[in-house]
Amino acid sequence: MNEQKPSKNPVWQLFISVKFTVTVLILLAMTSAAGTIIPQNGDSQQYLQIYGSFGSSLIQVFDLFDMYHSWWFRSLIGILTINIIICTIDRWPATWRTITSQKFKPEQLLAKKPYKEFKDERIPADLKPVYTSFIKRRYKIKGVHTLQNGFRIYGDKGRWSRLGVPVVHMSIVLILVGALVGSFFGFDGYVNIPEGGSADRIRLRNSNQIMDLGFKVVCKDFNIEYYESGAVKEYRSALQIIKNDKLLLEKNIIVNNPLKFNGIRFFQSSYGALPPENLEIKITSSDSKDPIKYKMKIGETILLPDNKGKFTITRFNKDYHFKDVELGQAIEGELNLVDKDSMTIVLPLRFPTFDKMRKGQWIISLENHDNKFYTGLQVRRDPGVMLVYLGFILILGGCWVIFFSSHQKILLEITASAEMSQIRIFGSTTRSKLDFKQHIEKMVSSLKLL
Amino acid sequence: MNSSLILSVTTFVYGAAGFFYIAAWIFNAKPAGKAATWTLILGVSINTIGLLFRWKESYDLGIGHAPLSNLYESLVFFALVIAVVYLVLEKKYSFKTIGAFATPLAFFSMAYASFSPKIGETIQPLMPALKSNWLIAHVITCFIGYAAFALAFGIGLMVMMSSSSNDAKAGILSRLPDKSVMDELMHKMVMFGFLFLTGGIITGAVWANSAWGRYWGWDPKETWSLITWFVYATLLHVRFMRGWRGKRIAIFTVIGFAAVLFTYFGVNYLPGLHSYGS
């Protein structure tokens, strides 16, 4: 029992105090909330703009720009973990004793008011076998005492439900250990693979370093499917895993359905257009209305008819702006007319006849181009996930037990009173008294029918 | 007949049920109480039919998915779960005064869904990230949790009302359940909500792991669900370990429900992966 415990050191005392736990929980709640208001992982310019120089330097000092990974936030979680472990250790002996002890002190139940009293027309001796078998079916009988004018029968059930609380607490620790394992032994990276291309290295998100996979990931194909409304229905990459020229695995991945290989998972996370390779250019001269079409690639030059000059495709601009208007991807070229300065020609993919606006002598437009994408893959390995999932199952099981079951003790005292029996029911429960009362009411109505 | 119409009708049925419950409580009128229960059962039936219709309609549109994918659908489902959890509570413990506090919450949720101009009622196709079997498990567990917390909040209001008056059991306050009974029911709802909030966070984590390869990413919605979890965890600890009861726990249920509402609505104003909720 509690009073027999040796005095403990003050640190232990602190960690088992509820005030301490509550303080840590409230601190965690408030700081977590702060992290949803202060933008995370923004750039320093942004913080300077929002919070001024003092505010933004505070943000730098306390790592508030990435606070969920800051030393102090991790320490708070660490303190909570130690708190949970120490509390569980502290309570464990008493919990275990209650679960395993065969002792049952009827006096404890008899000291309280009975839940219910009623009478039966039979005498106690007649009731004894009926009641015993009735209680036996519902409770673990711990004793049947014969009294001068009757008997007592008592038992309990649901002792193991007392494990619910320590299980929930330990599963939180398990989840956090799983997270720790993941952060030490796992990685998180990404790679962009062009359609038809492959990659055997990825870039890690935290360190920005390059990591060798030890095998090749090929993107055979990337596809976007649309609903009739134009909203995206599905992103799909056809992937292959190749090692030493051998095809080991092939899978179409979509969001929510990654490819798994060697404990590494590849997730569909983004995509983008590749610079078009094969272009068809149409050149129209204001002199002759007959346009001429050319097939070109980036870097190539063609000569205009009648030696009037030449046109070169110089580069691909993935984000072209015209007077602050975003026109997106564009092909840029250089038009060199004889006796004139060279000028830059822009052919946005979305507006192929954009060059008409220039109202030049030669108008260049984009007739056709190939449409190739790259697929953006998230590449992750997390060996801690199994521990975390085990923690998930245990915490749900524990909460379920805490909510839906309880350790119930019950004691029936049957005494003779004027050729009849007086029955009094005592009991205790670790959970809802209201439910226990209902339970006893039901039991009484069944007992009356026996 | 379409689902939006059926669900708008549900709003009025819930409104009527709330009216009957309040009338039954204020005027101590048994017939009104009886009418209230039957009206609420009718509301639950129509609400369910409306959701099933909507489910079917989404298949007719060729974009079939469970009606749990946007703010409108979640509010409709929220109303349904509040009403169902309350009816179970009424069946088990038969304290109809709780209905005067619970049913209006279902009504508000339904009314907000049906009449707010900001909330689109059209059935939208699922975006790729939502196409997962976890969607149903995640939304159902979360909203059972939210509904239980809503009821705890309703009972919390009752506890605060009965604690605020000093003149012993006068008028309508005398018809509230016994303080210890309300305290226990409030606690029961908190525990039930906590179980399902935990389940909601876990199903969300497992889903996130299958969609993005991480079970936790401090996305604002994730973070706020955890904050909510911390608030209710604190409540459970002060009750179990410090023996807090009644009014002090009731204040906690109000704070907790505020956190729930922020997790549900407020987060849409913060950037994050759950922004489809808006």
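Predicted model, so just to flag it, every value in this text is computed and none were measured. (Residues numbered from 1 in each chain as written. Chains lettered and ligands numbered in written order. Predicted model: local features only at pLDDT ≥ 70, side-chain atom pairs only at ≥ 80, totals over all residues.)

## Regarding the overall build of chain A
What chain A contains, in helices and strands, is 9 helices and 20 strands. For 450 residues, the compact-globule estimate of 2.2 N^0.38 gives 22 Å, and chain A exceeds it by more than 25% at 38 Å. Taken along its principal axes, the extent of the C-alpha atoms in chain A is 130 × 55 × 45 Å. Per-residue burial over chain A gives 24% buried out of 450 residues. Within chain A, counting contacts between residues at least 6 apart in sequence, those at least 24 apart form 56% of the total. (Helix = DSSP H or I, 4+ residues; strand = E, 2+ residues; numbered from the N terminus. Rg over C-alpha atoms; globule rule 2.2 N^0.38 Å. Buried ≥ 20, exposed ≤ 12 C-beta atoms within 10 Å, placed from the backbone. Contact = placed C-beta atoms within 7 Å.)

## Some points on the interface of chain A and chain B
Listed by partner, the interface residues are 38 residues for chain A and 40 residues for chain B. It is helix α2 (residues 18-37) of chain A that provides the largest number of residues to the side of chain A that touches chain B, a total of 11 residues. The residue makeup of the side of chain A that touches chain B, split by class, is 25 nonpolar, 8 polar and 5 charged. (Nonpolar A, V, L, I, M, F, W, Y, C, P; charged D, E, K, R; others polar.)

## Some details on the environment of L51 of chain B
All names here are of chain B. Position of L51 relative to the elements: it lies in helix α2 (residues 30-60). Residue L51 is classed as buried on the basis of its C-beta count, with 21 C-beta atoms lying within 10 Å. When sequence neighbours within four positions are dropped, the list of residues in contact with L51 reads P67, V76, F77 and L80.

## Brief notes about the packing of helix α4 (residues 97-115) of chain B against helix α5 (residues 134-164) of chain B
Residue and element names in this part refer to chain B. Two numbers describe how α4 lies on α5: the axes approach to 9 Å, and their chain directions differ by 135 degrees. Relative to α5, the element α4 is oriented oblique. For the crossing formed where α4 meets α5, the hand is right-handed. Touching I98, F101, A102 and L105 of α4 are A150, L151, G154, I155, L157 and M158, all from α5. For the contact of α4 with α5, the per-class residue count stands at 9 nonpolar, 1 polar and no charged. (Axes fitted to C-alpha atoms, helices over the stretch in contact; angles between N-to-C directions. Parallel < 35°, antiparallel > 145°, perpendicular 65-115°, else oblique. Left-handed = near helix turned anticlockwise from the far one by under 90°.)

## Observations regarding the sheet that holds strand β15 (residues 325-337) of chain A
Each strand in a sheet pairs with its neighbour through backbone hydrogen bonds, running either in the same direction (parallel) or in the opposite one (antiparallel). Residues and elements named next belong to chain A. A sheet is described by the order of its strands in space; here 4 strands give the open sequence β13-β14-β15-β16, paired in antiparallel fashion. Strand pairing shows two members of the sheet lacking a second neighbour, β13 (301-303) and β16 (343-348), which therefore form its edges. The average angle at which neighbouring strand axes cross in this sheet is 35 degrees, direction not considered. One ladder, built from 11 bridges, connects strand β14 (residues 309-322) with β15; its direction is antiparallel. Of the residues in β15, the one forming a bridge with T312 is E334. (Pairing = 2+ DSSP bridges.)

## Considerations on the sheet that holds strand β17 (residues 362-369) of chain A
Residue and element names in this part refer to chain A. Spatial strand order, β12-β11-β17: 3 strands in an open sheet with antiparallel pairing. Across the chains shown, the open sheet's two edge strands, defined by having one partner strand only, are β12 (292-296) and β17. Neighbour to neighbour, the strand axes of the sheet diverge by 25 degrees on average, direction disregarded. Here strand β11 (residues 279-285) runs beside β17; their pairing, made up of 7 bridges, is antiparallel. In the sheet register, T284 faces β17, and the bridge partner there is I363.

## Description of the domain arrangement of chain A
In terms of domain boundaries, chain A breaks down into domain 1 (2-99), domain 2 (107-158 + 406-449), domain 3 (182-273 + 374-395) and domain 4 (279-370). On a C-alpha basis, the centroid separation for the pair domain 2 of chain A and domain 4 of chain A is 96 Å. (Domains from an automatic or database assignment.)

## Some words on the packing of α2 of chain A against helix α4 (residues 71-100) of chain A
Residue and element names in this part refer to chain A. The interhelical angle for the contact between α2 and α4, taken along N-to-C directions, is 150 degrees, at an axis separation of 10 Å. With respect to each other, α2 and α4 are oriented roughly antiparallel. Along this stretch, α2 crosses α4, giving a crossing that reads as left-handed. On α4, the residues touching F20, T21, V24, L27, L28 and T31 of α2 are F73, L76, I79, L80 and N83. Split into classes, the residues belonging to the contact of α2 with α4 amount to 8 nonpolar, 3 polar and no charged.

## Details of unusual backbone geometry
The phi torsion at K359 of chain A lies on the positive side, around 55 degrees, for a residue other than glycine. Tracing the backbone shows K359 of chain A in the loop between β16 and β17. Although it is not a glycine, S94 of chain B adopts a positive phi angle of roughly 45 degrees. Within the element layout of this structure, S94 of chain B appears in the loop between α3 (71-93) and α4. By C-beta crowding, S94 of chain B is classed as exposed, having 11 other C-beta atoms within 10 Å.

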